[in-house]
Amino acid sequence: MTVVVSGFEPFDGALANPSWETAARLAERGEELVGDRVVAVRLPVTFAGAWPMLDAAIREHEPDVVVALGLAGGAPGVRLERVAVNVRDARIPDNAGDRPVDVPVAEGGPVGYWSTLPLKASLAEIRAAGVPVAVSSTAGTYVCNDVFYALMHHWGLGPGRRAGFVHVPGSDVVPIDDQVSAVAAVVRHALLGTPEPVLAGGTES
């Protein structure tokens, strides 16, 4: 089986992006950590370019699982994203200077899409390993959410496919090796089609 894992280039003046570092390291250790081939794709932080690049990689490699990664600056741990929403509302310009406000990702598309990754099964394993992790119900409204929504809209709901989005924190919060282990757990459960346990992961507000 084949897995595509994407990460992003640096943005907003940063010199590195841990989402790409994590994706690249996971691809290097794919056979060891998940038992299957992992292909890493580095995406631009642009509304116009990110999904087309991921789409091209999906068409080339015909994966069974796609996990897109992004950086959640200031997050206290790994965030397993539950839902993508059909809106672009950029607080800052993307790396091409584009700053859409209140426009849809896909004109006429549904309000949102659920992830098809086994989030709760992954949460349990990652938490047991001592890595801070939570299920999140918002992937934001920037390029991360844009890719997540487009992935589900165009590919992720096909028969037998598993797809979704994971936000990683800064490497000063969770070391890259721990981020790699966490994402590897998500990939393994997706490949296995692990049933979801009944495990509370919601929030009060």
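By the naming in an unreviewed UniProt entry, the protein chain goes by Pyroglutamyl-peptidase I and is assigned to Cellulosimicrobium funkei. The record in UniProt for the protein chain states the following under Catalytic activity (unreviewed entry): "Release of an N-terminal pyroglutamyl group from a polypeptide, the second amino acid generally not being Pro."

## Some thoughts on the packing of helix 4 (residues 119–128) against helix 6 (residues 176–192)
Between helix 4 and helix 6, whose axes approach to 9 Å, the crossing angle comes to 140°. Read as a crossing pair, helix 4 and helix 6 show a hand that is right-handed. Counted together, Ala121, Ser122, Glu125 and Ile126 of helix 4 and Ala182, Ala185, Val186, Arg188 and His189 of helix 6 form the full contact between these two elements. Of the residues belonging to the contact of helix 4 with helix 6, the class tally is five nonpolar, two polar and two charged.

## Section: the UniProt feature "active site" (unreviewed entry) in the protein chain
Per the UniProt record, the feature "active site" (unreviewed entry) sits at Cys144. If you trace the backbone, cysteine 144 turns up in helix 5 (residues 143–156). Residue classification places cysteine 144 among the buried residues on the basis of a relative accessible area of 11%. If near-sequence neighbours (up to four positions away) are discounted, cysteine 144 is found in contact with Phe8, Gly70, Leu71, Ala139, Phe165 and His167.

## Describing the packing of aromatic side chains
Counted under the stated rule, the structure contains four aromatic pairs. Here the aromatic rings of phenylalanine 47 and tyrosine 142 are separated by 5.7 Å at their centres, their planes lie at 90°, and the arrangement is edge-to-face. With phenylalanine 47 in the loop between strand 2 (37–43) and helix 3 (50–61) and tyrosine 142 in the loop between strand 9 (133–136) and helix 5, this pair connects stretches of sequence that are 95 residues apart. Both rings, one in tyrosine 113 and one in tyrosine 149, keep their centres 4.9 Å apart while their planes meet at 55°; by these two values the pair is tilted. Placement of the pair is tyrosine 113 in strand 8 (residues 112–114) and tyrosine 149 in helix 5, with a sequence separation of 36 residues.

## Notes on the packing of helix 3 against helix 5
Here helix 3 crosses helix 5 at 40°, and the two axes come no closer than 9 Å. With respect to each other, helix 3 and helix 5 are oriented oblique. When the axes of helix 3 and helix 5 are compared, the crossing they make is right-handed. Listed contacts from helix 5 to Ala50, Trp51, Leu54 and Ile58 of helix 3 are Val143, Val147, Ala150, Leu151, His154 and Trp155. Across the contact of helix 3 with helix 5, the residue classes tally to nine nonpolar, one polar and no charged.

## Points about the sheet that holds strand 4 (residues 78–81)
In space, the six strands of this open sheet follow the order 2-1-3-10-4-9, with mixed pairing throughout. Pairing within the sheet leaves two strands with one partner each, and these edge strands are strand 2 and strand 9. Strand-to-strand twist of the sheet, defined as the mean angle between neighbouring strand axes without regard to direction, takes the value 25°. Set on the sheet, helix 6 makes contact with strand 1 (2–8), strand 3 (65–71), strand 4 and strand 10 (162–168); between it and strand 3 the angle comes to about 155°.

What counts and what doesn't
Residues numbered from 1 in each chain as written. Predicted model: local features only at pLDDT ≥ 70, side-chain atom pairs only at ≥ 80, totals over all residues. Heavy atoms only, no water. UniProt positions renumbered as here; feature names shortened; annotations may be inferred. Axes fitted to C-alpha atoms, helices over the stretch in contact; angles between N-to-C directions. Helix = DSSP H or I, 4+ residues; strand = E, 2+ residues; numbered from the N terminus. Left-handed = near helix turned anticlockwise from the far one by under 90°. Contact = heavy atoms within 4.5 Å. Nonpolar A, V, L, I, M, F, W, Y, C, P; charged D, E, K, R; others polar. Buried < 20%, exposed > 50% of the residue type's maximum accessible area, 1.4 Å probe, protein only. Phe/Tyr/Trp six-rings, centres within 6.5 Å; stacked < 30°, edge-to-face > 60°. Parallel < 35°, antiparallel > 145°, perpendicular 65-115°, else oblique. Pairing = 2+ DSSP bridges.

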